[in-house]
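Single-letter residue listing:
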Amino acid sequence: MRWIYMLAGLFMTALGIVGAFLPLLPTTPFLLVAVWCFSRSSPRLEQWLLNHRTLGPPLTNWRREGAISARAKTMAVSLIVASYGFFWYRTQPSPLLAIIVGLVLAGSVTFILTRPLPKG
């Protein structure tokens, strides 16, 4: 099982890094899964990710406090709104589909906005 967690962690890390450059692919959720996988397979890689200059602070904030920074909240909500606008424009969805997608995205926005800000 250790190797499966290690491979999953490496794959999630790769997706997280790619997500830093592609606007519609999230970074932090993939890295959170990577840290979880590494905690079960490689303490060294877990610490590397948590101590990384760029990738580490959001992961540490989440792990310590369940917190999301104001900048990350702004970026996430902005991208969700832009994604919904793009979805609406490109697919011209039926009213039912538009409502379902809107509710899912509104739930995501609500979750993000209700997380605390980091204390330190």
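A brief structural summary. In this text the structure is predicted, and so the values were computed from the model without any measurement. (Residues numbered from 1 in each chain as written. Predicted model: local features only at pLDDT ≥ 70, side-chain atom pairs only at ≥ 80, totals over all residues. Heavy atoms only, no water.)

1. A look at the packing of helix 1 (residues 2-19) against helix 2 (residues 28-39)
Each packed pair of helices is defined by two parameters, the angle between the axes and the distance between the axes.
Here is step 1: Relative orientation of the contacting elements helix 1 and helix 2 amounts to 160°, with a least axis distance of 8 Å. Of the possible angle classes, the one that applies to helix 1 and helix 2 is roughly antiparallel. For the crossing formed where helix 1 meets helix 2, the hand is left-handed. Facing Tyr 5, Met 6, Ala 8, Gly 9, Leu 10, Met 12, Thr 13, Leu 15 and Gly 16 of helix 1, the residues of helix 2 in contact are Phe 30, Leu 31, Val 33, Ala 34, Trp 36, Cys 37 and Phe 38.
Here is step 2: Of the residues assigned to the contact of helix 1 with helix 2, the class counts are 13 nonpolar, three polar and no charged. (Axes fitted to C-alpha atoms, helices over the stretch in contact; angles between N-to-C directions. Helix = DSSP H or I, 4+ residues; strand = E, 2+ residues; numbered from the N terminus. Parallel < 35°, antiparallel > 145°, perpendicular 65-115°, else oblique. Left-handed = near helix turned anticlockwise from the far one by under 90°. Contact = heavy atoms within 4.5 Å. Nonpolar A, V, L, I, M, F, W, Y, C, P; charged D, E, K, R; others polar.)

2. Details of the packing of aromatic side chains
Here is step 1: As enumerated under the stated definition, the model contains four aromatic pairs in all.
Here is step 2: With centroids separated by 5.5 Å and ring planes inclined at 85°, the aromatic side chains of Tyr 5 and Trp 36 adopt a geometry described as edge-to-face. Here the residue Tyr 5 occupies a position in helix 1, and Trp 36 occupies one in helix 2, the gap between them amounting to 31 residues.
Here is step 3: Given the relative accessible area of 23%, Tyr 5 is considered partly exposed.
Here is step 4: When the centroid spacing of 5.8 Å and the interplanar angle of 40° are considered together, the rings of Tyr 84 and Phe 87 count as tilted. Linking Tyr 84 with Phe 87, this pair stays in helix 5 (residues 70-91), spanning three residues, or about one helical turn.
Here is step 5: For Tyr 84, a relative accessible area of 24% corresponds to the partly exposed category.
Here is step 6: Judged by relative accessible area, which is 18%, Phe 87 ranks as buried. (Phe/Tyr/Trp six-rings, centres within 6.5 Å; stacked < 30°, edge-to-face > 60°. Buried < 20%, exposed > 50% of the residue type's maximum accessible area, 1.4 Å probe, protein only.)

3. A short note on the pattern of salt bridges
Here is step 1: This structure, assessed with the given rule, holds two salt bridges.
Here is step 2: When the shortest N-O distance is used, the salt bridge between Arg 63 and Glu 46 registers 2.8 Å. Of the two residues, Arg 63 is situated in helix 4 (residues 56-65) and Glu 46 in helix 3 (residues 43-51); the sequence distance between them amounts to 17 residues.
Here is step 3: Residue Arg 63 is classed as partly exposed on the basis of its relative accessible area of 44%.
Here is step 4: Between Glu 65 and Arg 64 there is a salt bridge, with the nearest N and O atoms lying 2.9 Å from each other.
Here is step 5: When its relative accessible area of 23% is taken as the criterion, Glu 65 is described as partly exposed.
Here is step 6: You can call Arg 64 partly exposed: its relative accessible area is 49%. (Salt bridge = Lys/Arg side-chain N within 4 Å of Asp/Glu carboxyl O.)

4. Looking at the nonpolar core
Here is step 1: If you look at the biggest cluster of nonpolar residues, it comprises 12 residues: Met 6, Met 12, Phe 30, Leu 31, Ala 34, Val 35, Phe 38, Leu 45, Leu 49, Leu 50, Leu 55 and Leu 59.
Here is step 2: For this core, the elements supplying multiple residues, two or more each, are helix 1, helix 2 and helix 3.
Here is step 3: With five residues, the single largest contributor to this core is helix 2.
Here is step 4: When near neighbours in sequence (up to four residues on either side) are disregarded, Leu 49 contacts Thr 13, Leu 31, Ala 34, Val 35, Phe 38, Leu 55, Gly 56 and Leu 59.
Here is step 5: Core analysis: the second largest hydrophobic core is formed by five residues, Val 77, Ile 80, Val 109 and Ile 112 among them. (Core = buried A, V, L, I, M, F, W, Y, C linked by side-chain atoms within 4.5 Å.)

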